[in-house]
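# Residue-level structure breakdown
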Amino acid sequence: MRGYYYDQNRVYPPEPVGSRRPKGRKVWRGVLLLACTLLLLAGAALCLRILLDMDVNQSLASPTPTPGYEREDWLDWWEEQEESAETTVERVPAGGELTLTLLPQPEGEPHSLQQIYQENVQSVVSIWGESELSYSFGTGVVLSEDGYVITNAHVIKGCAQVEVVLQDDRSFGALLVGMDSQSDLAVLKIDAYNLRPAAFGDSAQLEVGDEVVAIGNPLGQELRGTMTDGIVSAINRDVNVDGYTMSLIQTTAALNSGNSGGALINRYGQVVGITNMKMYAYDDTVEGLGFAIPTATVKAVADVLIRDGVVTGRPAIGITGYTVTDGMAEVYELPVGVYVDEVKEGSDAAERGVRPGDVIVKVNGQPVTDIDQLLARKEGLEAGDTLELELWREGESLELEITLVEQYVLDGDGP
């Protein structure tokens, strides 16, 4: 389950809210910490044995520390490996004809919670992903009776193999149809038939206050098929994670690690969202703030992934950034513009020398005062087109010509 981190006391340079790495889905952290603990215990036992064998009158001066990484250094190294890991799951050739149908909300009495569970639990599956460094777990929802399954892109990102486990304990190796990091969606294909596909409803018909349930696999296989209930707390909630702004459904239904890729279901038993994140805070307790990708987005992305394998037509500069407001400019002695927070490896921006800390002040000779204006300058352009950027860097002006690239290439979503 991705973490949307909220910090009321951010200080400059402010990271975009939610830009920190998702917590909880990757199991390597727990394994690594356990290994560190065991090593410390073994070291303590060895030291005790040495002390017992020593002459009691011998000086107990502190020994010289053994050279090596501190724990945080190891964690940083592992996280760098995870971020750079390539998704190498075998792919299905593009050209699938399946399209997702969104059903209108029916009239009549809502279904009972028991009915909703029985109607949907067989359509919810477990997802297990493996790589050389780690493994991940999550949830998926069956799209078709012949084995198409949808889940979150972050569940399988960096994996070399993916396994899908049905509610009846049958297990299948999965092929990757396509993934899209920007929408956090991925489509898998398993060699299975006569599955029970979920009924997908139209998320556009949701209203704040509607009752919903979530079905997924919190904390892994042992608790699979868990259902929690709540309401729709907000619609079209903009959430920024990893440099992307997603428009999501907010819900009070409890979500935890492992729920990623699961089903958010309305009171008529229709899947209206794919759960993908919850809110955390660094300095406070947060409860009942979960999010799901609306089915309107799911359909738009899944149909393209099944047909083409990737989502194209998103020309990217190759940076993540945020607006430098008038207030920030005055306090921190920066120009108004777009502060560059990260430069994507493999982008032309990186090749041309754009750096974190630069401020984009003009595009094609026109002033840029916020991130929306920067994005607007790309409208109508395609990958391969160029933009002339004027940057502020430590008090100096710098002009660079940047070639736009496809976003999926930078995200590593392509074959």
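How each quantity is defined
Residues numbered from 1 in each chain as written. Predicted model: local features only at pLDDT ≥ 70, side-chain atom pairs only at ≥ 80, totals over all residues. Heavy atoms only, no water. Helix = DSSP H or I, 4+ residues; strand = E, 2+ residues; numbered from the N terminus. Buried < 20%, exposed > 50% of the residue type's maximum accessible area, 1.4 Å probe, protein only. Contact = heavy atoms within 4.5 Å. Areas by Shrake-Rupley, 256 points an atom, 1.4 Å probe, with all protein chains shown as cover. Pairing = 2+ DSSP bridges. Axes fitted to C-alpha atoms, helices over the stretch in contact; angles between N-to-C directions. Core = buried A, V, L, I, M, F, W, Y, C linked by side-chain atoms within 4.5 Å. Phe/Tyr/Trp six-rings, centres within 6.5 Å; stacked < 30°, edge-to-face > 60°.

### Description of the overall build of the chain
Along the chain, the regular secondary structure elements total 9 helices and 22 strands. Counting all 415 residues of the chain, 46% fall into the buried class. Taking the intrachain contacts of the chain between residues at least 6 apart in sequence as the baseline, contacts between residues at least 24 apart amount to 67%. Looking at the chain as shown, the accessible area adds up to about 21,000 Å², and 49% of this sits on carbon and sulfur atoms.

### So, the environment of Q118
Positionally, Q118 belongs in helix α3 (residues 113-120). Given the relative accessible area of 54%, Q118 is considered exposed. Between the C-alpha atom of Q118 and that of G269, which follows or precedes it by 151 residues, the distance is 9.3 Å.

### Here we look at the sheet that holds strand β2 (residues 124-130)
Overall, antiparallel pairing links the 7 strands, which are arranged β6-β5-β2-β3-β4-β8-β7 in an open sheet. Strands at the two margins of the open sheet, each flanked by one partner only, are β6 (171-173) and β7 (175-180). For this sheet, the mean inter-axis angle between neighbouring strands, taken without regard to orientation, is 30°. Examined bridge by bridge, strand β4 (residues 148-151) and strand β8 (residues 185-189) share 4 bridges and lie antiparallel to one another. Residue pairing in the sheet places T151 in a bridge with A186 of β8. Each of β4, β7 and β8 touches helix α5 (residues 295-308); the most contacted strand, β8, lies at about 50° to it.

### A few points about the environment of A174
Residue position: A174 is located in the loop between β6 and β7. Of the residues examined, A174 reaches a relative accessible area of 7% and is grouped as buried. Here the alpha-carbon distance between A174 and V187, two residues 13 residues apart in the chain, equals 9.8 Å. With near-sequence residues (within four places) excluded, A174 lies in contact with V89, V162, V164, L188, K189 and I190.

### With respect to the nonpolar core
Grouped together as the largest cluster of nonpolar side chains are 46 residues, with contacts concentrated most on L143, I150, V187 and M277. If you look at the next biggest cluster of nonpolar residues, it comprises 21 residues, including V89, V149, V164 and M179.

### Describing the packing of aromatic side chains
For the structure shown, the criterion picks out 3 aromatic pairs. Where W128 meets Y135, the ring centres are 6.4 Å apart and the plane angle is 35°; that geometry is what we call tilted. Of the residues examined, W128 reaches a relative accessible area of 23% and is grouped as partly exposed. Between the aromatic rings of W128 and F137, the centroid separation amounts to 6.1 Å while the plane-to-plane angle is 50°, which identifies the pairing as tilted.

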